[in-house]
Each structure stands twice: as structure tokens, then as C-alpha cells.
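Observations on the model geometry
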Amino acid sequence: YLLGILNSDLCEFYLHKTASQKAGGYYTYSANLLELIPIKIKNQETLISIVKNIMQFVDENKDTTQLENQLNYEINKIYDLTNEEIASIKNEIK
């Protein structure tokens, strides 16, 4: 469950807004910063299933794009994001 949240577009957006950026565009994530990520517990089985499928696809060298989109959709629902917020996140991290 946590792996899904940490690898979501929403978490990437949050970390980019709160973490220090290093040379080359890389970000530094300290344990203190990671502890501040707001984790909502909802729809656990759905996210766990998606994450397991992503991991299996990676092991089989299959494209995970559709599963990643599904993961982000579910996380956006968990955090009650509006369409405007979702668009802003996508624009910021891409």
C-alpha cells in the first residue's frame, strides 16, 4: 500500500514542493521529510493489487503505463483531488 502512495504522481509532486533540489535536477529526500508525507488509509486492497501487478509487469519487462495510471487514479480518489488539482500535478511533474 505504502509503495503505491510513495510512487504516485501526487507523492512526487509533494516531495518536489518540499524537498531540496540538487545539481542536475535531483531531489534529496531525508527521513524527516518522508515522515511528513500525509498517508491516508483507504482502499488498501485495491492499491495493493495494483502495486503487485506493476511489480509483476516490471519483472516480465511489460509496459506498466496503464497500471500506473490506474494507481494514480485510485490515489487521487483517496485524497479527494479535484480535476484542477490533478491537472496541476500532472503539469508540474511532467
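Residues numbered from 1 in each chain as written. Predicted model: local features only at pLDDT ≥ 70, side-chain atom pairs only at ≥ 80, totals over all residues. Heavy atoms only, no water.

1. Focus: the overall build of the chain
Helices and strands together make up the secondary structure of the chain, namely six helices and two strands. Secondary structure elements of the chain, listed N to C terminal, follow the sequence α-α-β-β-α-α-α-α. Computed over the C-alpha atoms, the radius of gyration of the chain is 14 Å, within 12% of the 12 Å expected from 2.2 N^0.38 for a compact globule of 94 residues. Across the 94 residues of the chain, 30% fall into the buried class. Of all intrachain contacts in the chain linking residues separated by at least 6 positions in sequence, the fraction that spans at least 24 positions is 61%. On the chain, roughly 6,500 Å² of surface is accessible, and the fraction owed to carbon and sulfur atoms is 50%. Charged side chains of the chain number 9 positive and 13 negative; the gap between the two group centres comes to 2 Å. (Helix = DSSP H or I, 4+ residues; strand = E, 2+ residues; numbered from the N terminus. Rg over C-alpha atoms; globule rule 2.2 N^0.38 Å. Buried < 20%, exposed > 50% of the residue type's maximum accessible area, 1.4 Å probe, protein only. Contact = heavy atoms within 4.5 Å. Areas by Shrake-Rupley, 256 points an atom, 1.4 Å probe, with all protein chains shown as cover. Lys, Arg positive; Asp, Glu negative; His and termini not counted. Charge placed at Lys NZ, Arg CZ, Asp CG, Glu CD.)

2. A short note on the packing of helix 2 (residues 9–18) against helix 6 (residues 83–93)
Two elements in contact, helix 2 and helix 6, have axes separated by 10 Å at closest approach and are oriented at 65°. The two elements helix 2 and helix 6 cross, and the hand of that crossing is left-handed. Packed against helix 2, whose contacting residues are Asp 9, Leu 10, Glu 12, Phe 13 and Lys 17, the element helix 6 presents Ile 89, Glu 92 and Ile 93 at the interface. Looking at side-chain class alone, the contact of helix 2 with helix 6 contains four nonpolar, no polar and four charged residues. (Axes fitted to C-alpha atoms, helices over the stretch in contact; angles between N-to-C directions. Left-handed = near helix turned anticlockwise from the far one by under 90°. Nonpolar A, V, L, I, M, F, W, Y, C, P; charged D, E, K, R; others polar.)

3. Quick look at the nonpolar core
Ile 5, Leu 47, Leu 71, Ile 75 and Tyr 79 are the most contacted members of the largest nonpolar core, which totals 15 residues. When contributions to this core are tallied by element, the ones reaching two or more residues are helix 2, helix 4 (44–59), helix 5 (65–78) and helix 6. For Leu 47, the residues in contact, after removing those within four places along its chain, are Tyr 1, Ile 5, Leu 71, Glu 74, Ile 75 and Ile 78. Counting five residues, the second largest nonpolar core, distinct from the first, contains Cys 11, Leu 15, Ala 19 and Ile 37. (Core = buried A, V, L, I, M, F, W, Y, C linked by side-chain atoms within 4.5 Å.)

4. So, a nonpolar patch on the surface
A cluster of nonpolar side chains, contributed by Leu 2, Leu 6, Ile 39 and Ile 41, occupies part of the molecular surface with about 340 Å² of accessible area. Its location among the elements puts Leu 2 in helix 1 (residues 2–6). For Leu 2, a relative accessible area of 45% puts it in the partly exposed group. (Patch = residues over 30% accessible without salt bridge, like charges linked within 9 Å, V, L, I, M, F, W, Y side chains within 5 Å. Salt bridge = Lys/Arg side-chain N within 4 Å of Asp/Glu carboxyl O.)

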